[in-house]
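This is what each chain is made of:
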Amino acid sequence: MDKTRDNWGSKIAFILAASGSAIGLGNIWRFPTAAYRNGGAAFVWIYILIVIFIGFIVMVGEISMGRNVQRNPVGVYKKLAPRSLWTLVGYFGILTAWGVLSYYSVVAGWTIRYIFTSASGTFMKHLSEAEITNIFVSMVASPSQSIFWHFIFMLTTVGMVIGGVKKGIERWSKILMPMLFLIMFLLVLRAVTLEGAGAGLMKYLKADWSKVTGGTFIAALGQAIFSLSLGVGTMMTYGSYMRREENIVRSAGFVCFFDTMVAFMAGLAIFPVIFIMPGIEPEVGAKLIFIVLPRLFSEIPMGTIFGAAFFVLLFLAAVTSSISLLEVPVAYFVDERGWSRKKATLICGTIAFFAGILSALSVGAVGWLSHITDIGTRAMGFLDLADLFIGQYSMTFGAMMIALFVGWRWGTAALVQELSHGSNPGMAKKLIAFLIKYFCPLILIGLILYFILNPNAFA
Ligand code: PHE
């Protein structure tokens, strides 16, 4: 064991930090959107199965690789498959994490601005729909505003990562995650007791299997991989700070459980709202979060408090994810290039900030960046395309490569050996080994092929 390398201070530290990584904008924003488009509970069931049989398994594999080598993704592949092309997969993961960070920070920046907007009582003034829409549109259409909030968010992320694993990431996760759970709980209570909540809840909790197609499975898979932070080396890097005595299977189980719970709760909080607002076409995506919800806050008692709490929740979820994204390139430069953590964090954060400017300008501020192409009926700007290519395709590819690597190159015997540190021998490990070698690659490759052959099934 490398004594000079930073480690998590306790068992719970890994679980909280990794849950913090997993629980993010993906749970609160993307999950309800995907469930809404894909038949409510039908999607939720398919999603849960994918989390158990693919997400959880790949996560166990990814954490095990990291803990075995105690290095960043490039270092891991270099050690486990010396002088092979696998190292490229490590580099690819690092670039993907960096890329996700660049646009993630833009959306997360909006949530900071909205904490202030709601806390100052703006939404209590019974604004009209047009006025509320205008608050959002004028923010994203203004280059200085969108870049400013993106900058503030990136600065916050850098500030937390610079402290290191124990004094930065762990400390912040321990403070922020319990806050997040509490706020989520309060918001769900508020949403399900709203007058007329029943209609939305029915839509959410009743499965509409007629909406399920091959595309539903792809959407659920992409969502699970994004939400569980797989395929980019985040879990590998966090696993590399884990001690040998800890039980990987159990820890990964907790992370998957918490992540899925929070996504499910976000649906409980958001579905009622989609159907309550009178006369509005149910809207999902950015409009839902930044326009429909504020309208609701402007109408309910104590809307200022609930509104501010909601955006604080989004911010907390986002920042504990963005620190895990930044940690991936930082760990690479610290481990492989011998940079100090401070230098690595500052430089990696600055580069992600500049790369993110393109996304920041692509939601209305700069015309051609805002509408680069159309996919189906959806106009895609730079940020949408970055999310699709980096957040979906690259991450799914990365997850597939991890399953293939663990199953066929590193080997399931080595995996089982690593898992047996910190836990007793058992059937579960054999089952995991079987699933990662045969089942996960088969399903991942199958769904990716299906997608390539039917690109319109998922839009
Ligand atoms: N899982 C995070 C979310 O759901 C996003 C993320 C992806 C974080 C990849 C780290 C790595 O928002």
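Please refer to the structure higher up on the page.
Counting from 1, residues in each chain are numbered in the order their sequence is written. For a predicted model such as this one, the threshold for reporting local features is a pLDDT of at least 70, and the threshold for listing and counting side-chain atom pairs is 80 or more; totals across whole chains, interfaces and linings nevertheless cover every residue. As a rule here, side-chain values come from all non-hydrogen atoms in the structure, and water together with hydrogens is ignored.

Caption draft 1: Quick look at the overall build of the chain. Along its length, the chain carries 18 helices and 2 strands. Only C-alpha atoms enter the radius of gyration; for comparison, a globular chain is expected to reach 2.2 Å times N to the power 0.38, where N is the number of residues. Against the globule reference of 23 Å for 459 residues, the chain gives a C-alpha radius of gyration of 21 Å, in line with a compact fold. Considering only C-alpha atoms, the chain reaches an extent of 60 × 50 × 40 Å along its principal axes. Residues are treated as being in contact if the distance between any of their heavy atoms lies within 4.5 Å. Nonlocal contacts in the chain, meaning residues at least 24 apart in sequence, comprise 81% of its contacts between residues at least 6 apart. Residue burial considers only the protein chains on display, and all accessible areas are found by Shrake-Rupley using a 1.4 Å probe. When the accessible area of the chain is evaluated, it comes to approximately 18,000 Å², of which 68% is carbon and sulfur surface. A run of H or I in DSSP counts as a helix once it spans at least four residues, and a run of E counts as a strand once it spans at least two, with each numbered from the N terminus.

Caption draft 2: Region of interest: the environment of Ser240. Considering the arrangement of structural elements, one finds Ser240 in helix α11 (residues 234-240). C-alpha of Ser240 to C-alpha of Asn72: the two residues are 168 residues apart in sequence and 7.3 Å apart in space. The contacts of Ser240, once residues within four sequence positions are left out, are Arg5, Gly66, Arg67, Gln70 and Arg71. A 3.5 Å cut-off defines polar contacts: any pair of N or O atoms within that distance qualifies, except that in protein one atom must be a possible hydrogen donor and the other a possible acceptor, and neighbouring residues in sequence count only when both atoms are side-chain atoms. Only 3.0 Å separates the side chain of Ser240 from the side chain of Arg5, close enough to count as a polar contact.

Caption draft 3: Molecular detail of the packing of helix α2 (residues 25-37) against helix α12 (residues 248-276). In contact at an axis separation of 8 Å, α2 and α12 are set at 65° when each is read in the N-to-C sense. With respect to the hand of their crossing, α2 and α12 are arranged in right-handed fashion. For the pair formed by α2 and α12, the contact residues are Asn27, Ile28, Phe31, Pro32, Ala35 and Tyr36 on the first element and Asp259, Val262, Ala263, Phe264, Ala266, Gly267, Ile270, Phe271, Ile274 and Phe275 on the second. The classification used treats Ala, Val, Leu, Ile, Met, Phe, Trp, Tyr, Cys and Pro as nonpolar, Asp, Glu, Lys and Arg as charged, and all other residues, Gly among them, as polar. A class-by-class count of the residues in the contact of α2 with α12 yields 13 nonpolar, 2 polar and 1 charged. Interaxial angles span 0 to 180 degrees and are taken between N-to-C directions of axes, which are lines fitted to C-alpha atoms, for helices over the stretch in contact. Handedness of a helix crossing follows the sense of rotation of the near helix relative to the far helix, less than a right angle counterclockwise being left-handed and clockwise being right-handed.

Caption draft 4: Main features of the side chain of Ser298. Mapped onto the elements, Ser298 comes out in the loop between α13 (286-297) and α14 (303-337). Here Arg295 takes part through its backbone oxygen, which lies 2.8 Å from a polar atom of the side chain of Ser298. Excluding residues that lie within four positions of it along the chain, Ser298 makes contacts with Phe123, His126 and Ile132.

Caption draft 5: Highlighting the site of the ligand. Close contacts around the ligand come from 16 residues, with Ala22, Gly26, Tyr104, Phe226 and Ser227 the closest. In this structure, Asn27 approaches the ligand through a side-chain N or O atom, which is 3.4 Å from an oxygen atom. Tyr104 places a side-chain nitrogen or oxygen 2.6 Å from an oxygen atom of the ligand. Protein chains bury 100% of the 330 Å² of accessible surface belonging to the ligand in isolation. Elements supplying a minimum of two residues to the shell around the ligand: α1 (11-22), α2, α10 (214-227) and α14. Here the residues of the shell around the ligand sort into 7 nonpolar, 9 polar and no charged. For this purpose, a residue is taken to be near a molecule or strand whenever a single non-hydrogen atom of the residue falls within 4 Å of it.

Caption draft 6: Spotlight on the nonpolar core. Here, nonpolar core refers to any group of buried Ala, Val, Leu, Ile, Met, Phe, Trp, Tyr and Cys residues whose side-chain atoms link them within 4.5 Å. Relative accessibility thresholds used throughout: buried, under 20% of the residue-type maximum; exposed, over 50%; partly exposed, between the two (1.4 Å probe, protein chains only). Counting 164 residues, the largest nonpolar core has Trp8, Met59, Met65, Trp110, Ile289, Phe310 and Phe311 as the members making the most contacts within it. Here the element with the most residues in this core is α14; it accounts for 18 residues. Contacts of Phe310, omitting those with residues within four sequence positions, involve Ile28, Leu187, Ile289, Leu293 and Phe297.

Caption draft 7: Quick peek at a nonpolar patch on the surface. Side chains of Ile162, Leu346, Ile347 and Ile351 sit close together on the surface and give an oily, nonpolar patch of about 300 Å² of accessible area. The residue Ile162 is located in the loop between α7 (143-161) and α8 (164-192) in this model. Patch definition: residues above 30% relative accessible area lacking any salt bridge, with like charges linked at up to 9 Å and the nonpolar side chains Val, Leu, Ile, Met, Phe, Trp and Tyr linked at up to 5 Å. Whenever a carboxyl oxygen of Asp or Glu lies within 4 Å of a side-chain nitrogen of Lys or Arg, that contact is scored as a salt bridge.

Caption draft 8: View of the pattern of salt bridges. The full count for this structure, using the stated rule, is 8 salt bridges. Here Glu336 makes a salt bridge to Lys78, at a shortest N to O gap of 3.2 Å. Taken together, the positions of Glu336 in helix α14 and Lys78 in helix α4 (residues 73-80) put the pair 258 residues apart, joining distant regions of the chain. Connected through salt bridges with shared partners, the residues Arg67, Arg244 and Glu418 form a single ionic network.

Caption draft 9: Representation of helix α17 (residues 382-419) in the model. Multiplying 1.5 Å by the helix residue count minus one yields the expected span of that helix. Taking 1.5 Å as the rise per residue, α17 with 38 residues should run 56 Å; its terminal C-alpha atoms sit only 41 Å apart, a clear shortfall. Most pronounced at Trp410, the bend in α17 amounts to some 100°. Note that the bend at a residue is defined as the angle between axes fitted to the seven residues ending at it and the seven residues starting at it.

Caption draft 10: Summary view of the environment of Gly398. Secondary-structure assignment places Gly398 in helix α17. Residue classification places Gly398 among the buried residues on the basis of a relative accessible area of 3%. Once the C-alpha coordinates of Gly398 and Ile46 are considered, the two residues, 352 residues apart in sequence, prove to be 21 Å apart.

Caption draft 11: Looking closely at the packing of aromatic side chains. Aromatic rings from Phe, Tyr and Trp, with only the six-membered ring used for Trp, were paired whenever their centres fell within 6.5 Å, and each pair was classed as stacked if the ring planes differed by under 30 degrees, edge-to-face if by over 60, and tilted otherwise. Scanning the model with the defined rule gives 43 aromatic pairs in all. Their ring planes at 80° and their centres at 4.9 Å tell us that Tyr77 and Phe405 sit as a pair that is edge-to-face. Taken together, the positions of Tyr77 in helix α4 and Phe405 in helix α17 put the pair 328 residues apart, joining distant regions of the chain. Looking at Tyr77, the relative accessible area reads 2%, which means it is buried. In this structure Phe405 comes out as buried when scored by relative accessible area, which is 0%. The interplanar angle of 55° and the centroid separation of 5.6 Å between the aromatic rings of Phe181 and Phe258 together place this pair among those described as tilted. Taken together, the positions of Phe181 in helix α8 and Phe258 in helix α12 put the pair 77 residues apart, joining distant regions of the chain. When its relative accessible area of 24% is taken as the criterion, Phe258 is described as partly exposed. By way of ring pairs, the aromatic residues Trp29, Trp110, Tyr114, Phe123, Phe136, Phe290, Phe297, Phe310 and Phe311 are connected into one cluster. In this arrangement the basic side chain of Lys343 is found over the ring face of Trp339, its NZ or CZ atom lying 4.4 Å from the centre. The rule for a charge over a ring is simple: NZ of Lys or CZ of Arg within 6 Å of the ring centre, and within 35 degrees of the ring normal.

Functional significance is not addressed by these values, which are geometric in nature.
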